[in-house]
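Breakdown of the fold
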Amino acid sequence: MTFGIPEGVVGLAGPPGVGKSTLLATFATLRRPNAGALHVLGHDITTATGLRTARAVIGYLPARFSRAEHMTAREFVEYAAYYKRTSVSAAHSMVRRLELGEAAGTELALLPPDVRLRAGLAAACVHEPRVLLLDDPFGDLCAAAEPWPTGVDGPGRHALTAAMAELIPVLRSLAPTVVVTADATETLSGWCDRLFTLARGRMTEQPTLSAAARRGRSAADRRGETALAPQGALTARAGRAGHRRPARLTLPQITLPRLPLPQLPRPRSGRPPARSAPGV
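Below is a summary of the structure that appears in this document. (Residues numbered from 1 in each chain as written. Predicted model: local features only at pLDDT ≥ 70, side-chain atom pairs only at ≥ 80, totals over all residues. Heavy atoms only, no water.)

So, the layout of surface pockets
Volume-wise, the largest pocket comes out at about 930 Å³. In this structure, the largest pocket is lined by 27 residues; those nearest its centre are Y60, A80, Y83, K84 and A123. Of all the secondary structure elements, the ones that give two or more residues to the lining of the largest pocket are α2 (48-56), β4 (58-61), α3 (73-83) and α5 (113-124). Taken together, the residues of the lining of the largest pocket sort by class into 16 nonpolar, five polar and six charged. (1 Å grid on protein atoms, 1.4 Å probe; cavity = no way out; pocket = protein on both sides within 12 Å on 5 of 7 lines; lining within 4 Å. Points joined across faces, edges and corners; volume = space filled by probe spheres on them. Helix = DSSP H or I, 4+ residues; strand = E, 2+ residues; numbered from the N terminus. Nonpolar A, V, L, I, M, F, W, Y, C, P; charged D, E, K, R; others polar.)

A look at the packing of α3 against α5
The contact between α3 and α5 brings their axes to 8 Å, and the two run at 20°. Taken together, the axes of α3 and α5 are roughly parallel relative to one another. Read as a crossing pair, α3 and α5 show a hand that is right-handed. Packed against α3, whose contacting residues are A73, F76, V77 and A80, the element α5 presents A119, G120, A122 and A123 at the interface. A per-class count over the contact of α3 with α5 returns seven nonpolar, one polar and no charged. (Axes fitted to C-alpha atoms, helices over the stretch in contact; angles between N-to-C directions. Parallel < 35°, antiparallel > 145°, perpendicular 65-115°, else oblique. Left-handed = near helix turned anticlockwise from the far one by under 90°. Contact = heavy atoms within 4.5 Å.)

As for a nonpolar patch on the surface
Taken together, the side chains of Y79, Y82 and Y83 define a hydrophobic patch exposed on the protein surface, amounting to about 460 Å² of accessible area. For Y79, the location among the structural elements is in helix α3. (Patch = residues over 30% accessible without salt bridge, like charges linked within 9 Å, V, L, I, M, F, W, Y side chains within 5 Å. Areas by Shrake-Rupley, 256 points an atom, 1.4 Å probe, with all protein chains shown as cover. Salt bridge = Lys/Arg side-chain N within 4 Å of Asp/Glu carboxyl O.)

Considering the sheet that holds β4
The strands making up a sheet associate through hydrogen bonds between their backbones, and the pairing can be parallel or antiparallel. Strands sit in the order β4-β5-β6-β1-β7-β8 across an open sheet of six strands; the sheet is mixed. Both outer strands of the open sheet, β4 and β8 (202-206), are each paired with one neighbouring strand and no more. Taken over all neighbouring pairs, the strand axes of this sheet differ in orientation by 20° on average, direction set aside. As judged from the five bridges shared by strand β7 (residues 194-199) and β8, these two strands associate in the antiparallel manner. From the neighbouring strand, L198 faces β8, where its bridge partner is M203. Packing against the sheet, helix α1 (residues 20-27) makes contact with β1 (8-13), β4, β5 (131-134), β6 (177-182), β7 and β8, and its axis sits at approximately 160° to β6. (Pairing = 2+ DSSP bridges.)

Topic: the pairing of β5
Residues of β5 alternate between two faces, with V131 and L133 on one and L132 and L134 on the opposite face, all of them buried. Taken together, the four bridges between β4 and β5 define a ladder with parallel strand orientation. Across the sheet, residue L61 finds its bridge partner in β5, namely L134. Where β5 and β6 come together, four bridges link them in parallel fashion. Following the sheet pairing, L133 is matched in β6 by V179. (Buried < 20%, exposed > 50% of the residue type's maximum accessible area, 1.4 Å probe, protein only.)

Some thoughts on α1
Of all eight residues that make up α1, six are buried, and the element is covered over most of its length. For α1, the complete set of buried residues consists of K20, L23, L24, A25, T26 and F27. In the segment just after α1, T29 is the residue with positive phi, at about 65°.

Quick word on the pattern of salt bridges
Counted according to the given criterion, the structure contains four salt bridges. Between K20 and D183 there is a salt bridge whose closest N-O contact spans 3.4 Å. Of the two residues, K20 sits in helix α1 while D183 sits in the loop between β6 and α8 (185-188), which places them 163 residues apart along the sequence. Classification of D183 as partly exposed rests on a relative accessible area of 39%. The salt bridge partner of E205 is R194, with a shortest N-O separation of 2.6 Å. Of this pair, E205 sits in strand β8 while R194 sits in strand β7, placing them eleven residues apart in sequence.

Some points on the packing of aromatic side chains
A full pass over the atoms with the stated rule returns one aromatic pair. Ring geometry for F138 and W191: centres 6.1 Å apart, planes at 90°, overall edge-to-face. Note that F138 is positioned in the loop between β5 and α6 (139-145) and W191 in the loop between α8 and β7, a separation of 53 residues in sequence. The same class applies to F138 as to W191, namely buried. (Phe/Tyr/Trp six-rings, centres within 6.5 Å; stacked < 30°, edge-to-face > 60°.)

The structure is reproduced here in structure tokens:
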């Protein structure tokens, strides 16, 4: 299939093991597609120049960054700034932007899940990327809320809801395009501009309850966004009424080749082998 990701927040939900992390790692150019082509902001990653240019505008946060547990939040962001060839002042500015001033000198292993996620977001966006890829950022928050035995209305669920309510506006403002994954559709529904589910190698668009996804667009535009183009290609429109239409972002564009079906040999009809019983 061939598809593109426009500006905004795009959610991708699916059960564990379905391939969400592999897909995001491919988008982040950490994995090469076995077949087809991948273009990030118009740059072909098969060339050295295109790969270097694409990586300069990508921010990627994996599901777990346990190897940096011994670092403090400030050291982690400063190391990311050094790796992205950004100044230390940009790292300190991102620490202040994510409200990590009081926790900047604390090791990541000692921070609560929501503060540790802020440190990860600051490290992934220290170079102000145009595309932000977040692999299950709310996984630790959901895991921290599960041990509470009081059900949906327990204190763990309330803490999760409050933490997500504070983090979602910050997450939406970090980059023009944000791709975020989660195991459950309910985690992404209601605030993503577009929502897809991945199961058994098929990507399906789901309705979203986000008001930002529908504001300023006519019914014809919404029908055009969810319609399947000929040859099974999923097209996406970007822009809002009264605003300048942004450039279409083609992240990624993957084309899978058709494989010929194997030709099975026909069974040969002949006489039964010697010394065999009739009908066997």
